[in-house]
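# Overview (structure and organization)
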Amino acid sequence: MNLKLKVWRQENSSATGRFEQYDAPGIPDDASFLEMLDIVNEKILEKGGDPIAFDHDCREGICGMCSLVINGTPHGPGRATTTCQVYMRHFRDGDTITIEPFRAKPFPILRDLVVDRSAFDRIQQSGGFINVRSGSAPEANAIPIPKNKADLAMDAAACIGCGACVAACPNASAMLFVGAKVSHFALLPQGQPERRKRVLSMVAKMDEEGFGNCTNHYECEAVCPAEIKVDVISRLNREYLAASTLSLIEPLPNAAAEGVA
Amino acid sequence: MRPLIFFLTSSIGKKYLVALTGLLLILFVVGHLLGNLQFFLPPEWINAYGHKLQSLGPLLWLIRLALLAVVSIHIVATIALALENKRARTGRYAVPGYRASTVASRSMAVSGLILLSFIIFHLLHFTVRVVPGHEYNKAVLTKDGKELPHEVEIDKHWGIPLAKDKPHVVHNVHGMMAAGFTYPAIAGFYVFGVFLLGMHLSHGAGSFLQTLGLRNDRMRSLLAVGSRVFGWAIFIGYASIPFSVIVFKHGLPK
Ligand code: HEM
Ligand code: FES
């Protein structure tokens, strides 16, 4: 199939970007979207040009590294798919495809279609983990977990941290991501010791990084490749309310030093 | 104190303020509509109701100040959130695409701010009664279109008209409403204002539960449909009053 591309090109984070047109002739139907870009890049390189920079790693939909906004939709056409799992048969011969980077203040553009998503890492580092004693692996079913809780925790744990929720949100809010991480641990016994501290720290970090505020458009849920439901945002809200309320009565040790309530 | 300040200045804390004040405003809007719909009953109903509210004295002022505080918190918190959102969203996409949001959800700030200008006009018109050229006369409390045969006094405790010896003059709320809406521009602005209110609530009436942390996936379609039905029912309810005056001359002298 023969396609035309309109691709966002930008030298570095401080340069002003612009769209450039590329022809993409002879693309096989079975090529993935990223393979299509590889083919186009080969051509650009043959002519001595600068290849289009884009992020990718596993190319099998599990790492969350690929991004791109394809024709206005993060991760392109099709529900619950990452860009690396989009195939060219979703497009028609002669189509013009517009490819842009994720756009949000906390995700600065590094080059072309590559954005810096380390704000998500910093949020994770502020509390998105559990502390356990290492050593020999414990017996898997030693701690009983109710089935419904386990299911909800697994649904939340499916988040691959790709940032499409932020890219799709008209407010560039990260609450689907933070909600997924907070829910995942808040629902499991292993997450209890740091439960309060976790939600307070992660929300404080999220705000500090400059993400917007959810106004319940639910655009995030519609593009999420891991099908995270906005339920996690509702849970994030009540977890945060509960943790803040408890802090009034029972302050966390060292809270002030750690910048949380 | 520290946790409270942390909470109230955080993203989620401000969202809670918006949702809680939004809920209180919904309760007010429903109560106010039920009161207003007495316009379709004989005039003495709404006149007596208005008189009862007017004679609440200090309680009336308490309610007014509480409402003012609720509206102010709602607006200050939403504007703060909206400014943060504007800062976070750097540029739109070349191909606009919306998959789940609605015109109503995307225009909450705009519908809210125009609504605010409507609310200010509405207060000047029917509460402060300073919009010139209007019928703000007093009327004798009537029943079945006739003046009450007995003179009326208002019970101090319950605010109910009591049959007594001299005619009791109350404010003619019914006449004021009908006269107010004979101006097409005013009726039109009113309908426009309550249209925005309907749109605001077609999103807000379901949205506040999500914000308060009280929603899950099983309520998805119920809330999506219920919120729209509620919002537009509020619009139809309020708009029916100016509509009946302009189209059917309801409440105007025959
Ligand atoms: C009688 C008047 C009003 C009622 C009943 C009302 C009700 C509501 C409700 C229920 C919400 C949803 C809250 C949530 O999703 O958590 C909301 C949101 C909002 N309101 Fe109002 N409101 C009124 C007036 C106003 C005014 C005057 C403004 C002016 C700025 C305004 C601005 C907003 C904004 C921007 C939102 C979106 C915030 C968000 O979704 O997080 N509202 N309102
Ligand atoms: S490259 Fe790993 S998810 Fe797409």
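Structural data are supplied above this passage.
The structure contained in this document is the topic of the report that follows. Everything quoted here is computed from the prediction, not taken from an experiment.

## Some words on the site of ligand 1
For ligand 1, the set of nearby residues contains 23 residues, the closest of which are His74(B), Gly112(B), His200(B), Ser207(B) and Thr211(B). More than a single chain frames ligand 1: its nearby residues are located in chains A and B. In the environment of ligand 1, an oxygen atom lies 2.7 Å from a nitrogen or oxygen atom belonging to the side chain of Thr211(B). Every element with two or more residues in the shell around ligand 1 is listed here: helix 2 (11-36), helix 4 (58-88), helix 6 (108-127) and helix 8 (184-211) of chain B. Its residues placed into classes, the shell around ligand 1 shows 13 nonpolar, 10 polar and no charged.

## Focus: the environment of His250(B)
Residues and elements named next belong to chain B. Considering the arrangement of structural elements, one finds His250 in the segment after helix 9 (220-248). Of the residues examined, His250 reaches a relative accessible area of 25% and is grouped as partly exposed. Taking the C-alpha atoms as reference points, His250 and Phe7, separated by 243 residues in sequence, lie 51 Å from one another. In contact with His250, not counting residues within four places along its chain, are Phe39, Phe40, His174, Ala178, Ser244 and Val245.

## A short note on the interface of chain A and chain B
Between chain A and chain B, the contact holds 56 residues from the first and 42 residues from the second. In total, chain A and chain B occlude about 3,900 Å² of area from one another, counting both sides; carbon and sulfur atoms represent 51% of this. For the interface between chain A and chain B, the tally reads 3 salt bridges. Two residues, Glu219(A) and Arg99(B), come together in a salt bridge whose shortest N-O distance is 3.2 Å. Elements that contribute at least two residues to the side of chain A that touches chain B include exactly strand 4 (73-74), strand 5 (96-100), helix 4 (164-168), helix 6 (195-208), helix 7 (219-223) and helix 8 (231-249) of chain A. Per-element accounting of the side of chain A that touches chain B gives the leading share, 11 residues, to helix 8 of chain A. A breakdown of the residues in the side of chain A that touches chain B according to their chemical character gives 31 nonpolar, 16 polar and 9 charged.

Conventions used here
- Residues numbered from 1 in each chain as written.
- Chains lettered and ligands numbered in written order.
- Predicted model: local features only at pLDDT ≥ 70, side-chain atom pairs only at ≥ 80, totals over all residues.
- Heavy atoms only, no water.
- Near = heavy atom within 4 Å.
- Polar contact = N/O pair within 3.5 Å; in protein donor to acceptor, adjacent residues only side chain to side chain.
- Helix = DSSP H or I, 4+ residues; strand = E, 2+ residues; numbered from the N terminus.
- Nonpolar A, V, L, I, M, F, W, Y, C, P; charged D, E, K, R; others polar.
- Buried < 20%, exposed > 50% of the residue type's maximum accessible area, 1.4 Å probe, protein only.
- Contact = heavy atoms within 4.5 Å.
- Buried area = accessible area lost by both parts, 1.4 Å probe.
- Salt bridge = Lys/Arg side-chain N within 4 Å of Asp/Glu carboxyl O.

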